[in-house]
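Each chain, written out:
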2 protein chains.
Amino acid sequence: MVQTKFAGSILNFKPEDIIPAVSTDCIIFGLDDGKLKVLLLKRNIEPSLGLWALPGGFVLNFEELEMSAKRTLHDTTGMTNVFMEQVQAFGQVDRFPWRRVITIAFYALIKYRTDDLRAGPDASDIHWFDISDLPELVFDHKHILNVTLQHLQSKVRSEPIGFELLPPKFTLTQLQELYEAVLRTTFDTRNFRKKLLKMNLLEQLNETQTGVAHRAARLYRFNPGIYQKLKEKGFTFEL
Amino acid sequence: MVQTKFAGSILNFKPEDIIPAVSTDCIIFGLDDGKLKVLLLKRNIEPSLGLWALPGGFVLNFEELEMSAKRTLHDTTGMTNVFMEQVQAFGQVDRFPWRRVITIAFYALIKYRTDDLRAGPDASDIHWFDISDLPELVFDHKHILNVTLQHLQSKVRSEPIGFELLPPKFTLTQLQELYEAVLRTTFDTRNFRKKLLKMNLLEQLNETQTGVAHRAARLYRFNPGIYQKLKEKGFTFEL
DNA sequence: CCAAAAGTGTTTTATATACACCCATGG
DNA sequence: CCATGGGTGTATATAAAACACTTTTGG
């Protein structure tokens, strides 16, 4: 694979660099105050200038798909070090107005943050939207988001990926709020804690929360190594 | 959408008809004698002439992705009326030797049959292979097959799609064998029957098997309408 | 009458659910 | 000392697992 540089606006690419008709789009989920959010850009380019859209862009020749998603995310939002997973391709003939473009959706669960966000040259604004209070989206991006949300919900129940949304050290309440936000439900606190602790995936730390005006909660850490070992022995995460 | 005619060999398409670099591949699963099989073609064209491959071909302009999968399946195998679902895209830069080709995998579960199979002009042979006894496959098709198999296994546990593999009227033993083959496990007969019947998805018919040299089994039918209704009420199929 | 698969219930064990109060801390 | 969220256990209900024999049919 040829290393792709982060190149900014799509206007900087020569036509021969771009695989015609194939793009990647990024669905970036974050959790803020118990609410599931998704990162959107206000388009600064035609078509549909001024409307909100998922971050994304064309795939370059010699660029792996996942790398393309990472690069376009960086080019449009400034975000780095986001590990994304493919959802599926979306290829409706008329999904893009000017010509046929097949897009491949990638999603990520990340810690909610606004500090390293800066809209790239193709966007005039960038914003985390509550998943249940979305603006109008361009093209088929609403559809892509819905499919991805379902994908996320099914994934989050069968694999311990939810931890990606939390800081390395987190409280059980944070964890519960995460699952409640993503799955749009509520859990009984005692039962939730029992279930998760019985899995033995969480390391209890000798540390507690600081800076809270009430009893400080104990911190836990997710241990991917333990998960790997358990998985090899036939364990499956199920929420 | 423009209706696409079934056109046979890819050599019949003009270059401007074909979306460069995007293809669909079909993973067709069938069940024969309690064994999960997959349909493969022996390539009659370069590259990799003579090797086994998944049915597939290039996506045409103005052709929906799913339609492309259906059409290429028909062109290469003669099969019609196969409903396929997307797995994901595969786009490794070097997956295809001559140029970059991104492929989108679709899979189907169908009744095992050999009668309407006839290799198209791009294949010299067509064959159902046992999933645990596969030949060498071209390109990344082995990888695509593995990913799809996992996809199938996870899908089949959470949605009643397994019934696609059976004739409309089937016995509970056939159903159990199906799940055992797909999930590569065994179930206790009494528990399996109890579980499935309790879901109320199966209509018991007043008919039995014929032509067997032992007690004839009762026939059942899957009722998708009932499933829809139950699903709306919050029921989820879980095996 | 025999071979071959169909069909059937109960007990035990494990998991899921429901539910309410005291604890620790910072302000 | 009080407001705020942290943390805990038990009883009940439901679901999963284990297990073996009788029935029906065609040949």
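Residues numbered from 1 in each chain as written. Chains lettered and ligands numbered in written order. Predicted model: local features only at pLDDT ≥ 70, side-chain atom pairs only at ≥ 80, totals over all residues. Heavy atoms only, no water.

> How should I be thinking about the packing of helix H3 (residues 172-183) of chain A against helix H4 (residues 189-198) of chain A in this particular structure?
Packed helices, taken two at a time, are described by their axes: the angle between them and the distance between them. Residues and elements named next belong to chain A. As a packed pair, H3 and H4 sit with axes 11 Å apart at the nearest point and diverge in direction by 100°. With respect to their mutual orientation, H3 and H4 come out roughly perpendicular. Contacts between H3 and H4 pair Leu172, Thr173, Leu175, Gln176 and Tyr179 from the former with Thr189, Phe192, Arg193, Leu196 and Leu197 from the latter. Partitioning the contact of H3 with H4 into residue classes produces six nonpolar, three polar and one charged. (Axes fitted to C-alpha atoms, helices over the stretch in contact; angles between N-to-C directions. Helix = DSSP H or I, 4+ residues; strand = E, 2+ residues; numbered from the N terminus. Parallel < 35°, antiparallel > 145°, perpendicular 65-115°, else oblique. Contact = heavy atoms within 4.5 Å. Nonpolar A, V, L, I, M, F, W, Y, C, P; charged D, E, K, R; others polar.)

> Would you mind showing me how to read the domain arrangement of chain A here?
Bring the parts together and some accessible area is lost; that lost area is often taken as the interface size. All names here are of chain A. Domains assigned within chain A are domain 1 (15-158) and domain 2 (163-233). The centre of domain 1, based on its C-alpha atoms, is set 28 Å off from the matching centre of domain 2. Of the residues lining the interface, 15 residues belong to domain 1; the matching set on domain 2 comes to 11 residues. When domain 1 packs against domain 2, the two sides together hide about 1100 Å² of surface, and 70% of this comes from carbon and sulfur. If you sort the residues of domain 1 by the area they bury against domain 2, Leu31, Lys111 and Val156 come out on top, with a joint share of 42%. Here domain 1 and domain 2 share zero salt bridges between them. Our count for the contact surface shared by domain 1 and domain 2 stands at one residue pair in polar contact (both at pLDDT 80 or more). Elements that contribute at least two residues to the side of domain 1 that touches domain 2 include exactly strand E1 (18-32), strand E2 (35-43), strand E6 (102-111) and helix H2 (141-158). The residue inventory of the side of domain 1 that touches domain 2, partitioned by class, reads eight nonpolar, four polar and three charged. (Domains from an automatic or database assignment. Buried area = accessible area lost by both parts, 1.4 Å probe. Salt bridge = Lys/Arg side-chain N within 4 Å of Asp/Glu carboxyl O. Polar contact = N/O pair within 3.5 Å; in protein donor to acceptor, adjacent residues only side chain to side chain.)

> I'm lost on the protein's contact with DNA strand D in this one. Help?
Among the 17 residues in the neighbourhood of DNA strand D, the closest are listed as Arg193, Lys194, His214 and Arg218 of chain A together with Arg215 of chain B. Here DNA strand D approaches the protein such that, of its atoms within 4 Å, sugar and phosphate make up 42%. At 3.5 Å from a base nitrogen of DNA strand D is found a side-chain nitrogen or oxygen belonging to Arg190 of chain A. A total of four residues in the surface near DNA strand D trace back to one element, the largest contributor, which is helix H4 (residues 189-198) of chain B. (Near = heavy atom within 4 Å.)

> I would appreciate a short explanation of the packing of aromatic side chains in the present structure.
Aromatic ring pairs are reported here in terms of the distance separating the ring centres and the angle at which the planes meet. Residues and elements named next belong to chain A. Summed over the entire model, instances satisfying the criterion amount to 18 aromatic pairs over all chains. Ring geometry for Phe163 against Phe222: centres 4.2 Å apart, planes inclined by 5°, an arrangement best described as stacked. Of the two residues, Phe163 sits in the loop between H2 and strand E8 (169-170) while Phe222 sits in strand E10 (residues 218-222), which places them 59 residues apart along the sequence. For the pair Phe163 and Phe222, a shared accessibility class is recorded, and that class is buried. (Phe/Tyr/Trp six-rings, centres within 6.5 Å; stacked < 30°, edge-to-face > 60°. Buried < 20%, exposed > 50% of the residue type's maximum accessible area, 1.4 Å probe, protein only.)

> Please explain the UniProt feature "domain: Nudix hydrolase" (unreviewed entry) in chain A as it appears in this structure.
The feature "domain: Nudix hydrolase" (unreviewed entry), as given by UniProt, occupies residues 21-153 of chain A in the numbering adopted here. With 20% helix and 39% strand, residues 21-153 of chain A has end C-alpha atoms that lie 29 Å from one another. (UniProt positions renumbered as here; feature names shortened; annotations may be inferred.)

> What should I look at first to understand the confidence of the model for chain A in this one?
Regions with low pLDDT should not have their predicted coordinates read in detail. Looking at chain A, the pLDDT average stands at 88 and 92% of residues meet or exceed 70. Contacts for the low-pLDDT stretch residues 1-8 of chain A, under 50 throughout, to residues beyond four places or in other chains number 20 contacts. (pLDDT = per-residue confidence, 0-100.)

> Please explain the sheet that holds strand E10 (residues 218-222) of chain B as it appears in this structure.
Across a sheet, paired strands are connected by hydrogen bonds in the backbone, their directions being either parallel or antiparallel. Residues and elements named next belong to chain B. With antiparallel pairing, the three strands of this open sheet are ordered in space as E8-E10-E9. If you trace the sheet from one side to the other, it starts and ends with strand E8 (169-170) and strand E9 (202-208), each paired once. Pairing analysis gives two bridges linking E8 to E10, with the strands arranged antiparallel. Within E10, the position partnered with Phe170 by the bridge is Tyr220. (Pairing = 2+ DSSP bridges.)

> Looking at this model, I keep getting lost on the relation of the copies chain A and chain B. Mind explaining?
With an RMSD of 0.0 Å, the fit of chain A onto chain B corresponds to turning through 180° and sliding 0.0 Å along the axis. Taken together, the turn and the small shift mark the pair as related by a two-fold rotation axis. It is Gln88 of chain A whose C-alpha, among those of chain A, lies nearest the rotation axis, at 2.2 Å. A symmetric contact is evident, with 100% of the interface residues of chain A recurring at the interface of chain B. (Least-squares fit on C-alpha atoms with pLDDT ≥ 70 in both.)

> How should I be thinking about the pairing of strand E2 (residues 35-43) of chain B in this particular structure?
Side-chain direction in a regular strand flips from residue to residue, so the side chains alternate between the two faces of the sheet. All names here are of chain B. For E2, the tally of buried residues reaches seven of nine residues, placing the bulk of the element in the interior. Bridge analysis of E2 against strand E7 (residues 123-130) gives seven bridges, and the strand direction is antiparallel. Bridged to Lys42 within E7 is Asp125. By the bridge criterion, two bridges tie E2 to strand E3 (residues 52-53) in an arrangement that is antiparallel. Note on E3: the bridge partner recorded for Leu41 is Ala53.

> How should the sheet that holds E8 of chain A be read in this particular structure?
A sheet is described by the order of its strands in space; here three strands give the open sequence E8-E10-E9 (chain A), paired in antiparallel fashion. Every other strand in the sheet has two partners, leaving E8 and strand E9 (202-208) of chain A as the edge strands with one partner each.

> What am I meant to see in the interface of chain A and chain B here?
With 22 residues of chain A at the contact, the number on the chain B side is 22 residues. Of the roughly 1500 Å² buried between chain A and chain B on both sides combined, carbon and sulfur atoms contribute 62%. If you sort the residues of chain A by the area they bury against chain B, Glu64, Val93 and Arg100 of chain A come out on top, with a joint share of 31%. Linking chain A with chain B are zero salt bridges. Counting the contacts that link chain A with chain B gives eight residue pairs in polar contact (both at pLDDT 80 or more). By residue number, the principal contributor to the side of chain A that touches chain B is strand E5 (residues 85-90) of chain A, which donates five residues. Broken down by class, the residue content of the side of chain A that touches chain B amounts to 14 nonpolar, five polar and three charged.

> Teacher, can you tell me more about the protein's contact with DNA strand C here?
Of all residues adjacent to DNA strand C, which total 18 residues, the nearest are Val212 of chain A together with Thr173, Arg193, Lys194 and Arg218 of chain B. Sugar plus phosphate: this is where 44% of the atoms of DNA strand C within 4 Å of the protein reside. The contact in question runs from a phosphate oxygen of DNA strand C to an N or O atom on the side chain of Arg193 of chain B, over 2.5 Å. Within the contact set of DNA strand C, a base nitrogen lies 3.4 Å away from a side-chain nitrogen or oxygen of Arg215 of chain B. Sorting the residues of the surface near DNA strand C by element identifies H4 of chain A together with H4 of chain B as the ones contributing at least two each. Per-element tally for the surface near DNA strand C: the top contributor is H4 of chain A, with four residues. The residue makeup of the surface near DNA strand C, split by class, is four nonpolar, four polar and 10 charged.

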